[in-house]
Amino acid sequence: MAIVDTPKRTNPNTEETKRRGIPEGLWIRCPGCGNSIYRKELEKNLNVCPKCRYHNYVSARERISQLLDEGTFEAYDEHVLPTDPLRFSDKKSYAERLSAEQARTGLTDAALCGLGMIRARRVAIAVTDSAFIMGSMGSVVGERLTRLIERATEQSLPLIIVSGSGGGARMHEGILSLMQMAKVSAALARYHTAGGLYISVLTNPTMGGVAASFASLGDLVFAEPKALIGFAGPRTIKATIKIELPEGFQTSEFLLEHGYIDRIVERFRLKTEIAAAIDYCGKR
Amino acid sequence: MPSAAKGFEFEQPMLDIETQLGEIEAAANPSEEQQELARQLRRRWTDTTREIYSKLTPWQVVQVSRHKDRPYTRDYLNLAFDEFIELHGDKFFGDDRALLTGFAKLGRQKVMVVGHQKGRTFKERAACHFGCAHPEGYRKAMAKMKLAEKYGIPIICFIDTPGAYPGIGAEERGQAQVIAESMFLMSQLKTPIICIVIGEGGSGGALGIGVGDRIAMLQYAYYSVISPEGCAGILWKSHQHAPKAADVLRFTSEHLPQLGVVDDVIEEPLGGAHRDHHQMAARLKNYLAKTLEQLVKTDPETLLERRYDKFRKMGSYLEQLEDGTVSQHGYTFSV
Ligand SMILES: [Zn+2]
């Protein structure tokens, strides 16, 4: 099959991107502290609560615009599109669900991938958007990530993947979703062997098959504060062991304490810290 | 004729015949007539069983895969292998009984076996967490697989788990981390790897030892992104809808080869592996011997190349080409 790259420049601040993410209204109730925050103020602050530092959701496009130098992002593989291989259907068919999610988020699937610059350093970057079927990984997310990793390997580019996925492997595509974990991990192994630098950024939430594949394989693993990160969902764990879960269980801070992440990085420092890490690890 | 201690509901016609047969066989001096009846019943049992097992629903397959008498890794080690030297421990935290690892011989072929173990007795089941491995299990598996690679010993993975263990300790010790690392590692190990789903292929816990050169499954095993109960809980808010979830997930040996995920299906004895461990072990051994013979002849670089391509191809998606046409990649079931 021919692989055709049609890089498209996307403007992250189109109306389309504003349709989704933070609830409508002039005032927003912060999930962290319960205070009402003026929307404009929150947006100006990268969707971090100015009162309690709670890191609210940001869309994939918004994330790209926060991290990359303005106008440098070229999206790749947007023409790789989801299908419904199992003819999966619950209350509605997966095909219908896909169309609805596409219309609601303005994304074609949960991962936005491409090349761009971070403070003039060329990088390959992917962001999964937790708003698109819970940021879960199906065939398209797996394929887009794998192509990006292969591109980063060929072009010797640093790789940044910002994960946000409450869903893990997407059940609507069954075993094919599970296999994306192996596919992406194998691509990362090759990238690693070729000497590439992979910075994995974990955001709220990063769970299941996403946590148990590419999100955990960074040379450097950063996490935003207080993000929910883990393998099994807290409800599943509670149902299994039948005891209350400890305070702060499966948060970024919990993972840092147990040695699984390198740094907790506040959103407004993320771009700077990624750039610094690239400079430390970059080719001399 | 072998019989299950207690059958499934869908096996009722088989069990009825077994009961009748049992009565005749219990007679001290069966008459010629009775003996003839017994022969007929045995034939009828075979036909009935073949009929029932030829059209198991996905949920029934799940039940068979979880049968308490189903052969486990330990049984295959006893019945199909000529030697097993267990190697314990991850040399970091502990020795997870849910993942059994060690040297084994298949005829003259040395191998490293890595397999989930569910446990037969209640005590063993508790020690094995019903086949749900902790991070130390995957760390142990990785350590033994690296050892195998070092000496060019092929690796055989037996997958049989409802899923990786969901618990506080498991999260504290990096369940997500080790599964990711294990796939990463297995994709690059320079020695042949055969993975066989012998019972339950439960999600990440299964895939954590599931990256190899050949992926096979037993006829009544299943391999799924999520347990039917878990899927039902999310979609229909109740575990009771697990049979419905089993229908939509397409995880049986009928579907997985079509989806390009499973290379080979190993046929089970009539009425399922739990009815005849010896025959099942013999078939498994035969498959392993045949497959290993091919794989050990392939040079490691080619092996790695093919292993990468194998997983690289997995997935179904559409690709819109520049001229506007759309090409389909991967298998899609028809409605
Ligand atoms: Zn707040």
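Scanning chain B from terminus to terminus reveals 13 helices and 10 strands. For 335 residues, the compact-globule estimate of 2.2 N^0.38 gives 20 Å, and the C-alpha radius of gyration of chain B, at 22 Å, lies within 12% of that figure. With respect to the three principal axes, the spread of C-alpha positions in chain B is 70 × 55 × 45 Å. By the burial criterion, 48% of the 335 residues in chain B qualify as buried. Nonlocal contacts in chain B, meaning residues at least 24 apart in sequence, comprise 70% of its contacts between residues at least 6 apart.

It is worth spelling out the pairing of strand S6 (residues 111-118) of chain A at this point. All names here are of chain A. Most of S6 is tucked away, with seven of its eight residues classed as buried. Where strand S4 (residues 74-75) lies against S6, two bridges are found, and the strand directions are antiparallel. Considered in S6, the bridge of Glu74 is made with Leu115. Taking the residues that link successive antiparallel strands as the turn, the S6-strand S7 (residues 121-128) hairpin has two residues, and the phi of Arg119 there is positive, at about 45°.

Here we take up the interface of chain A and chain B. Contact residues are listed per partner, giving 54 residues for chain A and 53 residues for chain B. Elements represented by at least two residues in the side of chain A that touches chain B include exactly strand S5 (80-82), helix H5 (139-154), helix H6 (174-193), helix H7 (208-211) and helix H8 (234-241) of chain A. Of the residues forming the side of chain A that touches chain B, the biggest block, 14 residues, is contributed by H6 of chain A. Residue classes in the side of chain A that touches chain B are distributed as 31 nonpolar, 19 polar and four charged. Two strands pair when backbone bridges link them, and S5 of chain A and strand S9 (residues 317-320) of chain B are joined in this way by three bridges, in the antiparallel orientation. The residue of S9 of chain B that forms the bridge with Leu81 of chain A is Leu318 of chain B.

One frequently used descriptor of interface size is the decrease in accessible area upon assembly of the parts. Segmentation of chain B into domains returns domain 1 (17-55) and domain 2 (62-312). The centre of domain 1 of chain B, based on its C-alpha atoms, is set 37 Å off from the matching centre of domain 2 of chain B.

The next point concerns unusual backbone geometry. Residue and element names in this part refer to chain A. A cis geometry characterises the amide bond from Asn204 onward to Pro205, with omega recorded as -15°. Residue position: Pro205 is located in strand S9 (residues 198-207). Within the chain, Ser156 stands out as a residue other than glycine whose phi angle is a positive 50°. Turning to its location among the elements, Ser156 is positioned in the loop between H5 and strand S8 (159-165). Using a count of 14 C-beta atoms within 10 Å as the deciding quantity, one classes Ser156 as partly exposed.

Rules of the game
Residues numbered from 1 in each chain as written. Chains lettered and ligands numbered in written order. Predicted model: local features only at pLDDT ≥ 70, side-chain atom pairs only at ≥ 80, totals over all residues. Helix = DSSP H or I, 4+ residues; strand = E, 2+ residues; numbered from the N terminus. Rg over C-alpha atoms; globule rule 2.2 N^0.38 Å. Buried ≥ 20, exposed ≤ 12 C-beta atoms within 10 Å, placed from the backbone. Contact = placed C-beta atoms within 7 Å. Pairing = 2+ DSSP bridges. Nonpolar A, V, L, I, M, F, W, Y, C, P; charged D, E, K, R; others polar. Domains from an automatic or database assignment.

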